[in-house]
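The lines below spell out each chain.
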Amino acid sequence: GEDSVGSGVLLRSEPLEGTKDFRTYAITAWHVIRDLQTAPEDLSFTVPVTIYGEDHHASPESATVIKYDPGVDIAILRLHTKRQIDCGAKLAPRSRLEHVRIFDRIYAVGCPLGNEPIPTFGEIADTHHVVDGSSYWMISAPTYIGNSGGGIFDAQTHELLGIFDKIYTHGTLRPTVIPHMGLVTSLTTIYDWL
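Here the structure is a predicted model, which is why all the values come from computation and not from measurement.

(A) Representation of the overall build of the chain in the model. Counting its regular elements, the chain contains three helices and 13 strands. For 194 residues, the compact-globule formula gives about 16 Å, and the C-alpha radius of gyration of the chain, at 16 Å, lands near that figure. Its C-alpha atoms give the chain principal-axis dimensions of about 50 × 35 × 35 Å. Taken over 194 residues, the chain has a buried fraction of 44%. Of the contacts formed within the chain by residues at least 6 apart in sequence, a portion of 55% connects residues at least 24 apart. Carbon and sulfur atoms make up 52% of the accessible area of the chain, which amounts to about 10800 Å² in all. Across the chain, the centroid of the 15 positively charged side chains sits 4 Å from that of the 24 negatively charged ones.

(B) Inspection of the sheet that holds strand E5 (residues 46–52) at higher detail. Reading across the sheet, the five strands line up as E1-E4-E7-E6-E5 and stay open at both edges, with antiparallel pairing between neighbours. Looking at strand neighbours, the two that pair on one side only are strand E1 (9–10) and E5, the edges of this open sheet.

(C) Examining the sheet that holds strand E8 (residues 105–110) more closely. The strand order around the closed barrel built from six strands is E8-E9-E10-E13-E12-E11, with neighbouring strands paired in antiparallel fashion. For this sheet, the mean inter-axis angle between neighbouring strands, taken without regard to orientation, is 50 degrees. Both strand E10 (residues 134–139) and strand E13 (residues 176–186) contribute to a ladder of three bridges, which runs antiparallel. Opposite Met-138, over in E13, you have Leu-183 as the bridge partner.

(D) Representation of the side chain of Asn-147 within the structure. Note on placement: Asn-147 falls in the loop between E10 and strand E11 (151–154). Those residues in contact with Asn-147 that sit more than four places away from it in its chain are Ser-7, Val-109, Gly-110, Cys-111, Pro-112 and Phe-164.

Calculation notes
For every chain, the first residue of the written sequence is number 1, and numbering continues from 1 along that sequence. Only residues with pLDDT of at least 70 are given local features in this predicted model, and only at 80 or more are side-chain atom pairs given and counted; all residues enter the totals for whole chains, interfaces and linings. Derived side-chain values reflect all non-hydrogen atoms in the structure, with water molecules and hydrogen atoms excluded from consideration. Think of it this way: any DSSP run of H or I at least four residues long counts as a helix, any run of E at least two long counts as a strand, and we number them from the N terminus. Within these notes, the globule rule equals 2.2 Å times the number of residues to the 0.38 power, and the radius of gyration is based on C-alpha atoms. For every residue, the accessible area (1.4 Å probe, protein chains only) is compared with the maximum for its type, and the residue is labelled buried under 20%, exposed over 50%, or partly exposed between those bounds. Note on contacts: a residue pair is in contact if any heavy atoms of the two residues lie within 4.5 Å. Throughout, the Shrake-Rupley method with a 1.4 Å probe supplies accessible areas, and for residues the shown protein chains are the sole cover considered. We count Lys and Arg on the positive side and Asp and Glu on the negative side, and we leave His and both chain ends out. Where a charge sits is defined by one atom per residue type, namely NZ (Lys), CZ (Arg), CG (Asp) or CD (Glu). Pairing between strands is defined by DSSP: at least two bridges between them are needed. Axis angles are defined between N-to-C directions and span 0 to 180 degrees, where every axis is a line fitted to C-alpha atoms and, for a helix, only to the segment in contact.

See below:
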């Protein structure tokens, strides 16, 4: 949007049976796009999306929200394009997610401050960090404003493990952003929600 930046994770394009067209979904954090919504429960608003290719080519697209949950802070988008998009995250199965442990190596990929996607390396720092009654994973990979909605990937398999949700802050009057203490909504939570 014009007043905010955020990230999202493309899923692999799916062929539409009986056509040459494809359907592509993306996952992001709900708070990245919520201000585009004009009325509660209205899903008809358009979300501007920029897809970055490996060649650094930026392709402007648009999408529609098909499902969201402010409590989980997740939204699923369907891109309006019918073309196949060559990149797309491979989702980690539940069996892999059950074995995520502290010190597992990960990459956080997002668009901090609206830049092109930047991967940062880190580790799972906690697998049960509770904030306001919700449980998150904490990661040590440096993240910043704009990483919200981006992916957290297994450093070895490159499977998507979770969606970056928020940066840890300290203090209330003048909060200090702690970029190596990011909070992640795990795919387990997203699978349960879906």
